[in-house]
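# Structural description and commentary
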Amino acid sequence: MLGSGTSHGVPAIGCDCAVCRSTDPRDRRTRPSILIELQGDGPLPPLSRAVRSILVDTSTDLRAQALANNIRRVDAVLFTHSHADHVLGLDETRAFNRVQQQTIACYASAETGADLRRMFEYIFSGPRQPGGGVPQLQLFSIAGRFTMGGVEIVPVPLFHGELPVLGFRVGRFAYLTDCSRIPDASWPLLDGVGTIILDALRETSHPTHFNLSEALAVVSRLKPDRAYFTHICHELSHEATCARLPAGVELAYDGLVLEID
Ligand SMILES: [Zn+2]
Ligand SMILES: [Zn+2]
Ligand SMILES: [Zn+2]
């Protein structure tokens, strides 16, 4: 879990609330992202010599997250959607190009891919000066399930307000950030999920994010072994919120490591 915070991050600039002033490190939340490290040796994704490390989104805080978690390679990037908090760290991927000496494969829906090409024109279609500091990325469109590193990646269509976005399922694990509705057709894709990371912005309702009670309703329907909430704003203190969540449900925090069978 690289980042468990909402788009502003926690603490928020200029805020003196109790959570923003908290000394609990779990109340310091960078922008939302996870890294999936695969075990085993299945087939490799395109362009990669050895995939073992899949980044989900390139958050605004990617550089700090990579340093804090000692991330030394990224073999592929999956994008959930193109909101600023999920993509504005894209330029940092050139550090991995440099270390790995290879182009990195990026996967996004056609809509998100089009946004990325427009927002990062200097990367995807700008003049590339050899030796310059432009990330070397190759963008692939997600059109259904695909396999990399020996595991199947299942895109899970979600709604983030009116915006279609993707969650991802890998084996019995699912990551559903930034969503306020799971469409009927996506529930079967989540059958039998054991560990889920799910959007839960705050206590009160919000037009584009699940709040705590909506996220808990998803958990009661899916009945995973364990659930972690993410995209958390400064209204939720880690300790006080976890104390009143049901067994098997807790707030995620930056640096959390989950072992998934
Ligand atoms: Zn977000
Ligand atoms: Zn605050
Ligand atoms: Zn968003």
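Here, the structure is the one placed above.
Quick look at the structure, then. Since the structure is predicted, the reported quantities are computational estimates derived from the model, not experimental observations.

The rules behind each value
Residues numbered from 1 in each chain as written. Chains lettered and ligands numbered in written order. Predicted model: local features only at pLDDT ≥ 70, side-chain atom pairs only at ≥ 80, totals over all residues. Heavy atoms only, no water. Helix = DSSP H or I, 4+ residues; strand = E, 2+ residues; numbered from the N terminus. Rg over C-alpha atoms; globule rule 2.2 N^0.38 Å. Buried < 20%, exposed > 50% of the residue type's maximum accessible area, 1.4 Å probe, protein only. Contact = heavy atoms within 4.5 Å. Areas by Shrake-Rupley, 256 points an atom, 1.4 Å probe, with all protein chains shown as cover. Donors = N, O, S within 2.8 Å, 3.2 Å for Na, K, Ca; no water. Tetrahedral: all angles 85-135°; square planar, octahedral: opposite > 155°, others 65-115°. Pairing = 2+ DSSP bridges. Axes fitted to C-alpha atoms, helices over the stretch in contact; angles between N-to-C directions. Polar contact = N/O pair within 3.5 Å; in protein donor to acceptor, adjacent residues only side chain to side chain. Core = buried A, V, L, I, M, F, W, Y, C linked by side-chain atoms within 4.5 Å. Disulfide = S-S within 2.5 Å. Salt bridge = Lys/Arg side-chain N within 4 Å of Asp/Glu carboxyl O. Right-handed = clockwise from strand over helix to strand, strands pointing away.

### A word on the overall build of the chain
- Across its full length, the chain carries seven helices and 12 strands.
- Over its C-alpha atoms the chain spans a radius of gyration of 18 Å, differing by no more than 12% from the 18 Å that the globule rule assigns to 261 residues.
- In the chain, which comprises 261 residues, the share counted as buried stands at 52%.
- In the chain, the proportion of contacts linking residues at least 24 apart, taken out of those at least 6 apart, comes to 63%.
- Just so you have it, the chain exposes about 12,000 Å², and 51% of that area is on carbon and sulfur atoms.

### Concerning the coordination of the zinc ion (ligand 3)
- For the zinc ion (ligand 3), the protein coordination sphere consists of His81 (NE2), His83 (ND1), His160 (NE2) and Asp178 (OD), at 2.2 to 2.3 Å.
- Classification of the site at the zinc ion (ligand 3) rests on its four donor atoms, whose angles at the metal span 90 to 175°, yielding the label irregular.
- Each donor residue of the zinc ion (ligand 3) lies on one chain, and together they are spaced H-x1-H-x76-H-x17-D.
- A separation of 3.4 Å is found between the zinc ion (ligand 3) and the zinc ion (ligand 1), both of which receive a donor from Asp178.

### Focus on the sheet that holds strand 4 (residues 104-108)
- Read across the sheet, five strands follow the order 1-2-3-4-5 without closing on themselves; strand pairing throughout is mixed. Where the open sheet ends on each side, the last strands, each with one partner, are strand 1 (34-37) and strand 5 (137-141). Averaged over all neighbouring strand pairs, the angle between strand axes comes to 25°, with direction disregarded.
- Summarising the sheet, strand 3 (residues 76-78) and strand 4 pair through three bridges and their orientation is parallel. Paired with Val77 across the bridge in strand 4 is Cys106.

### Structural notes on the side chain of Asp75
- Inspection of the secondary structure puts Asp75 in the loop between helix 1 (62-68) and strand 3.
- Residue Asp75 is classed as buried on the basis of its relative accessible area of 2%.
- A distance of 2.6 Å separates a polar atom in the side chain of Asp75 from the backbone nitrogen of Arg52.
- Separated by 2.6 Å, the side chains of Asp75 and Arg73 make a polar contact.

### Focus: the coordination of the zinc ion (ligand 2)
- Surrounding the zinc ion (ligand 2) are the protein donor atoms Cys15 (SG), Cys17 (SG), Cys20 (SG) and His234 (ND1), which sit 2.1 to 2.3 Å from the metal.
- Written as a sequence motif, the donor arrangement for the zinc ion (ligand 2) is C-x1-C-x2-C-x213-H.
- Given the relative accessible area of 23%, Cys17 is considered partly exposed.

### Some words on the nonpolar core
- Of all hydrophobic cores here, the largest spans 26 residues; its most connected members are Leu176, Ile182, Leu198 and Phe229.
- For this core, the secondary-structure elements that each account for two or more residues are strand 7 (151-160), strand 9 (173-176), strand 10 (195-199), helix 6 (212-222), strand 11 (226-230) and strand 12 (249-251).
- The element contributing the most residues to this core is helix 6, with five residues.
- Formed by 23 residues, the second largest nonpolar core is a distinct cluster that contains Met148, Phe168, Ile197 and Leu256.

### Some details on the state of the cysteines
- By the definition in use, this model includes zero disulfides.
- Looking at the unpaired Cys179, the closest cysteine sulfur is the one in Cys233, lying at 16 Å.
- Owing to a relative accessible area of 0%, Cys179 belongs among the buried residues under this scheme.

### Things to note about the pattern of salt bridges
- Counted by the stated rule, this structure contains nine salt bridges.
- Two residues, Arg26 and Asp24, come together in a salt bridge whose shortest N-O distance is 2.9 Å.

### A short note on the environment of Gly3
- Following the sequence through the fold, Gly3 ends up in the segment before strand 1.
- Expressed as a C-alpha distance, the spacing of Gly3 and Ala200, which sit 197 residues apart in the sequence, is 14 Å.
- Leave out the neighbours within four places in its chain, and Gly3 touches Thr30, Arg31, Pro32, Ser33, Gln65, Thr230 and Asp254.

### Some words on the pairing of strand 2 (residues 53-56)
- Burial along strand 2 is two-sided: Ser53 and Leu55 facing one way and Ile54 and Val56 facing the other are all buried.
- As paired elements, strand 1 and strand 2 share four bridges and run antiparallel to each other. Directly across from Ile36, in strand 2, lies its bridge partner Ile54.
- Here strand 2 runs beside strand 3; their pairing, made up of three bridges, is parallel. In the strand pairing of strand 3, Val56 is matched with Leu78.
- Considered for its hand, the β-α-β crossover made up of strand 2, helix 1 and strand 3 is right-handed.

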